[in-house]
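Overview (structure and organization)
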Amino acid sequence: EAFLVVFKSLARASKSQSGTPQKGEEWMGRFQKVFSIEDMKNNDVVDSKAVVDCYNALIECWANSLEDPNIYVARTERWLNKLMQLQKETLMNELGPNTQSFNIFLHALS
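Residues numbered from 1 in each chain as written. Predicted model: local features only at pLDDT ≥ 70, side-chain atom pairs only at ≥ 80, totals over all residues. Heavy atoms only, no water.

The helix and strand tally for the chain stands at six helices and zero strands. N-terminal to C-terminal, the α/β element order of the chain is α-α-α-α-α-α. Here the C-alpha atoms of the chain give a radius of gyration of 13 Å, agreeing with the 13 Å that 2.2 N^0.38 yields for 110 residues. The C-alpha extent of the chain, read off along each of the three principal axes, is 40 × 25 × 15 Å. Buried positions account for 42% of the 110 residues belonging to the chain. (Helix = DSSP H or I, 4+ residues; strand = E, 2+ residues; numbered from the N terminus. Rg over C-alpha atoms; globule rule 2.2 N^0.38 Å. Buried < 20%, exposed > 50% of the residue type's maximum accessible area, 1.4 Å probe, protein only.)

As structure tokens, then:
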């Protein structure tokens, strides 16, 4: 939950503050150190919806970024792909992109 609050805050701030998506990536690094793939496979340890929401908020950080469009579209796609990779690594459909993930990506393309 605490990570999700940070990611959502960064997603909102990215519309008006440069450097916010990079801070989001730093926080994702911390998130990934705290929650391993094995933790994510165990729903008693990690809420899969919260994991996807954290990735979506980071994807949204890049989609709303003030960076060069070529950069933010590439980074948005990169994190969407990482979420798809997480789904493959855990063999859990609920740890993959959802409708919101793809809508955020489409927003970045527009």
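So, next bit.
Once that is clear, we can look at helix α1 (residues 2-13). In an α-helix, one turn spans 3.6 residues; hence positions three or four apart end up facing the same way. An ideal rise of 1.5 Å per residue puts 16 Å on 12 residues; α1 measures up with 17 Å between its terminal C-alpha atoms. Of all the positions in α1, only F3, L4, F7, L10, A11 and A13 are classed as buried. (Expected span 1.5 Å × (residues − 1).)

Time to look at helix α4 (residues 48-63). The end-to-end C-alpha distance of α4, which contains 16 residues, comes to 22 Å, matching closely the 22 Å that a straight helix rising 1.5 Å per residue would cover. The buried count for α4 comes to 14 of 16 residues, which makes it a mostly enclosed element. Between the side-chain oxygen at the start of α4 and the backbone nitrogen of K49 there is a gap of 3.2 Å, and the oxygen is on D47. (Polar contact = N/O pair within 3.5 Å; in protein donor to acceptor, adjacent residues only side chain to side chain.)

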